[in-house]
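Report on the structure
Here are the chains, one letter per residue:
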Amino acid sequence: MSVRDRRRVSNWLLTICVMLLGMIALGGATRLTGSGLSIMDWRPVTGMIPPLSHAEWERQFALYQNIPQYKILHDGFGLAGFQKIFWLEWTHRFWGRVIGLYLMVRLVMFAVQGVLTRGLIIRLLVFFVLGGLQGAIGWFMVASGFREGSTAVEPVRLVLHLSAALILYVAILWTALSVRYPRVEAVPDAVAGRRTRGLLHGALGLVALTIIAGGFTAGTHAGFVFNTFPLMDGHLIPEGYAKLSPFWFNWIANIPAVQFDHRLLATVTVLMIGGVVLSGVRADLGPRAHAGVALLGWAVLIQYALGVTTLLLVVPAWAGTVHQTFAAVLLGIGVFTMHALRGAKRGRVVSGG
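Thresholds applied
- Residues numbered from 1 in each chain as written.
- Predicted model: local features only at pLDDT ≥ 70, side-chain atom pairs only at ≥ 80, totals over all residues.
- Heavy atoms only, no water.
- Helix = DSSP H or I, 4+ residues; strand = E, 2+ residues; numbered from the N terminus.
- Buried < 20%, exposed > 50% of the residue type's maximum accessible area, 1.4 Å probe, protein only.
- Expected span 1.5 Å × (residues − 1).
- Phe/Tyr/Trp six-rings, centres within 6.5 Å; stacked < 30°, edge-to-face > 60°.
- Lys NZ or Arg CZ within 6 Å of the ring centre and 35° of its normal.
- Core = buried A, V, L, I, M, F, W, Y, C linked by side-chain atoms within 4.5 Å.
- Contact = heavy atoms within 4.5 Å.

To continue, consider unusual backbone geometry. Cis rather than trans, the peptide bond between F229 and P230 has omega equal to 10 degrees. By secondary structure assignment, the location of P230 is in the loop between helix 7 (190–219) and helix 8 (250–253). In this chain, S245 is followed by P246 through a cis amide linkage whose omega measures 0 degrees. Take P246: it is sitting in the loop between helix 7 and helix 8. Unusually for a residue other than glycine, F226 sits at a positive phi of about 55 degrees. In this structure, F226 sits in the loop between helix 7 and helix 8. A positive phi angle is found at V314, which is not glycine, with a value near 60 degrees. With respect to the secondary-structure elements, V314 resides in the loop between helix 10 (287–312) and helix 11 (317–340). Residue V314 is classed as partly exposed on the basis of its relative accessible area of 37%.

Here it is as structure tokens:
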């Protein structure tokens, strides 16, 4: 691939990553506004077309009136109220289809032009399939909200949907960076590079765990209680942390434990990334890795502040949406930094992807 073609392909893949961030933001807004259960059927192709007649609107509304969320939370809010929540969920699903269409159309165009290698074509086709699977996981999640007495989706399925989206996002981002920077460059300060890279591995693991804990916080609505910081209603460890049995079940279903775990993991993540910054900011890691380390330090502070703000304001939709989306931004910066540090174990410049 020529330098020009590498830039074209990487720009395309990076655009998809930005679109995925938009998808994550829409998902957060959909959840926080209670819009996610407003569409009762899953039509992967024809679902791109919204209701075009009053009769179709009435049909969709009649379907929604049969589920517990309407009867418990929205009884009597009328067709106009239904349309408000419908449009947000429809936009979320529509955006996912647009991403898939954009990926496949450009993939075909680049393949016909002979720009892509065979291995890259196969990898991108796998991404397309995984994107379709993500849509199916989304419906699997939504369907859990139709059960008797439910007003929201099951937290475990919500976390599964979010995790699958982030895995796809990271995979596409890493591929975009590998296309753009095909050569693994040795880090000038090898000792600091290895140390920073090792700390970054741990930090990225903590970021992932914190996001998962955040998914359970969102799914159990744990953010709407204990809205004080740094203590939880006057306690360092909240009362009732271990009230469920078996003990591990507290981590996914017990509101005091779920929120405490998310707070604790977020704090440890800040400290771990602080170690990454201290290790790498003054070392000669190369321009990309140095920029990544600095950005990572600022990003984790912003994300922590967003989390505290969201908690103290009792999870307004705008704050919760920004907090969820910026978690993916933080993860992306970490992936960028890790990619730039690929050569930390090497003493020379070598080829690689």
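A rise of 1.5 Å per residue sets the reference length of helix 7, with its 30 residues, at 44 Å; its end C-alpha atoms lie 43 Å apart and thus fit the reference within 8%. Of the residues flanking the end of helix 7, it is H221, one or two places downstream, whose phi is positive at about 60 degrees.

In this structure the tally under the stated criterion is 21 aromatic pairs. Look at F86 and W87: their rings are 5.9 Å apart centre to centre, the planes differ by 85 degrees, and that puts the pair in the edge-to-face class. Owing to a relative accessible area of 36%, W87 belongs among the partly exposed residues under this scheme. Considering the side-chain rings of F247 and W251, the 5.7 Å spacing of their centres and the 85 degrees angle between planes classify their relative orientation as edge-to-face. Grouped by ring-pair contacts, the aromatic residues W57, F61, Y64, Y70, F77, F82, F86, W87, W90 and F94 constitute a single cluster. Positioned above the aromatic ring of Y181, the side-chain terminus of R288 is 3.9 Å from the ring centre.

Time to look at the nonpolar core. Generally speaking, a soluble globular protein has its nonpolar side chains buried in company with each other. With 58 residues, the main nonpolar core has V9 and W12 as its most contacted residues. Of all the elements in the fold, those that place two or more residues in this core are helix 1 (3–32), helix 4 (78–112), helix 5 (118–143), helix 6 (155–180), helix 7, helix 9 (255–280), helix 10 and helix 11. Residue contributions to this core peak at 10 residues, all from helix 1. Not counting residues within four places of it along the chain, the set of residues in contact with V9 comprises M1, F110, V115, L116, L120 and V179. Ranked by size, the runner-up nonpolar core spans 18 residues in total, among them I39, F82, I85 and A218.

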